[in-house]
Amino acid sequence: MDAAKAAPPPVLILLGPPGAGKGTQARMLEDRFGYVQLSTGDLLRAAVAAGTEAGKAADDVMKSGGLVSDEIVIDILRDRINAPDCASGVILDGFPRTAVQAESLDALLVESGQRIDIAVSLEVDDEAMVDRIAGRYSCAGCGEGYHDTFKKPARPDQCDQCGGTQMKRRADDTAEAVGTRLKAYHAQTAPLITHYEEAEVLHRVRAMGPIDEVATALGTVVRQATATA
Ligand code: ADP
Ligand code: ADP
Ligand code: ZN
């Protein structure tokens, strides 16, 4: 018998500006492929809510729409990616966002014998992102994302997934903070598209169409990238 080693757990990266649909698509990929969504935004918001030292340092930066320091974000991500539930594979949503974070991720994956299977750039028009973010809300119980116009729950204010009735909006989903976040994306995160293109793992998926259409296109490239020969 061939003593072939089992393939390491897949690593997927979703890149795109705020509002591109990273969180929405990551949750759909979780359901479809069984990978775990790791959102540094969610992890940071949990740290803020818990009042940890990292959360205290991140709070004001997040409200203004700037990027939290690489050190804090990398520490938070490192803790989470090594958790046992990540052994089925991960979808990185909102990480890496800077060149330093991308280098740290590469080093972290070398340690665990993993590699980046695919980095998808969700391609959208900045102007449309303001409407997406202004209408965004989510279920306080399970985190499912909704939109005032583009993704309404079947019953008003009742979560389709868990039946919860408490919905919440983010403190940084304001017009001012969105402008800052888009600038941060173009200055610090968009250059990573070239980085992953050079590493030959980049796929571009147009993400201006309806959610299901984007999910279908994304599912196709993820399936191809993670298929074992
Ligand atoms: P969005 O979904 O709108 O792109 P996120 O939930 O991913 O927003 O992030 C919200 C905020 O959390 C960011 O504006 C930033 O302040 C902080 N943040 C999240 N991920 C990172 C990261 N990888 N590096 C630095 N800051 C981050
Ligand atoms: P990101 O995580 O990239 O910031 P989200 O997944 O939170 O983006 O999506 C932002 C908002 O836009 C949410 O309210 C979501 O329901 C909605 N949305 C996501 N994808 C689409 C799409 N393809 N068309 C219209 N609205 C979308
Ligand atoms: Zn819910």
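Just so you know, these numbers come straight off a predicted model, no measurement behind them.

Q: Please explain the coordination of the zinc ion (ligand 3) as it appears in this structure.
A: Think of it this way: four donors in a tetrahedron around the metal ideally sit 109.5 degrees apart, and six in an octahedron ideally sit 90 or 180 degrees apart. With distances of 2.3 Å, the protein atoms coordinating the zinc ion (ligand 3) are Cys139 (SG), Cys142 (SG), Cys159 (SG) and Cys162 (SG). The site at the zinc ion (ligand 3) holds four donor atoms, and with the angles between them running 100 to 115°, its shape is tetrahedral. Within one chain, the residues serving as donors to the zinc ion (ligand 3) are arranged as C-x2-C-x16-C-x2-C. You can call Cys159 buried: its relative accessible area is 3%. Using a relative accessible area of 41% as the deciding quantity, one classes Cys162 as partly exposed.

Q: Is there a simple way to think about the site of ligand 2 in this case?
A: Taken together, 19 residues are adjacent to ligand 2, and Lys22, Thr24, Arg136, Tyr146 and Gly209 come closest. Between an oxygen atom of ligand 2 and a side-chain N or O atom of Thr24, the distance comes to 2.5 Å. Mapped by element, the contributors of at least two residues to the shell around ligand 2 are helix H1 (22-33), strand E6 (145-147) and helix H9 (211-226). At three residues, the largest contribution of residues to the shell around ligand 2 is made by H1.

Q: What's the story with the nonpolar core in this structure? I'm lost.
A: Side chains that are nonpolar tend, in soluble globular proteins, to be buried together. Within the largest apolar cluster, 33 residues are counted, with the highest numbers of intra-cluster contacts made by Ile13, Leu38, Leu44, Leu92, Leu105, Ile116 and Tyr196. It is helix H4 (residues 70-81) that contributes the most residues to this core, six residues altogether. Discounting chain neighbours no more than four positions away, the residues touching Leu105 are Ile13, Leu92, Phe95, Pro96, Ile116 and Tyr196. Residues Leu14, Ala26, Leu29 and Tyr35 belong to the second largest nonpolar core, which totals 19 residues.

Q: I tried to follow the packing of helix H7 (residues 175-189) against helix H8 (residues 191-198) on my own but got confused; where do I start?
A: Any two packed helices are characterised by how steeply their axes cross, that is the angle between the axes, and by the distance between the axes. Running from N to C, H7 and H8 point in directions that differ by 35°, and their axes come no closer than 5 Å. Here Tyr185, His186, Ala187, Gln188 and Thr189 of H7 lie close against H8, whose contacting residues are Pro191, Leu192 and Ile193. A per-class count over the contact of H7 with H8 returns five nonpolar, three polar and no charged.

Cut-off values and rules
- Residues numbered from 1 in each chain as written.
- Chains lettered and ligands numbered in written order.
- Predicted model: local features only at pLDDT ≥ 70, side-chain atom pairs only at ≥ 80, totals over all residues.
- Heavy atoms only, no water.
- Donors = N, O, S within 2.8 Å, 3.2 Å for Na, K, Ca; no water.
- Tetrahedral: all angles 85-135°; square planar, octahedral: opposite > 155°, others 65-115°.
- Buried < 20%, exposed > 50% of the residue type's maximum accessible area, 1.4 Å probe, protein only.
- Near = heavy atom within 4 Å.
- Polar contact = N/O pair within 3.5 Å; in protein donor to acceptor, adjacent residues only side chain to side chain.
- Helix = DSSP H or I, 4+ residues; strand = E, 2+ residues; numbered from the N terminus.
- Core = buried A, V, L, I, M, F, W, Y, C linked by side-chain atoms within 4.5 Å.
- Contact = heavy atoms within 4.5 Å.
- Axes fitted to C-alpha atoms, helices over the stretch in contact; angles between N-to-C directions.
- Nonpolar A, V, L, I, M, F, W, Y, C, P; charged D, E, K, R; others polar.

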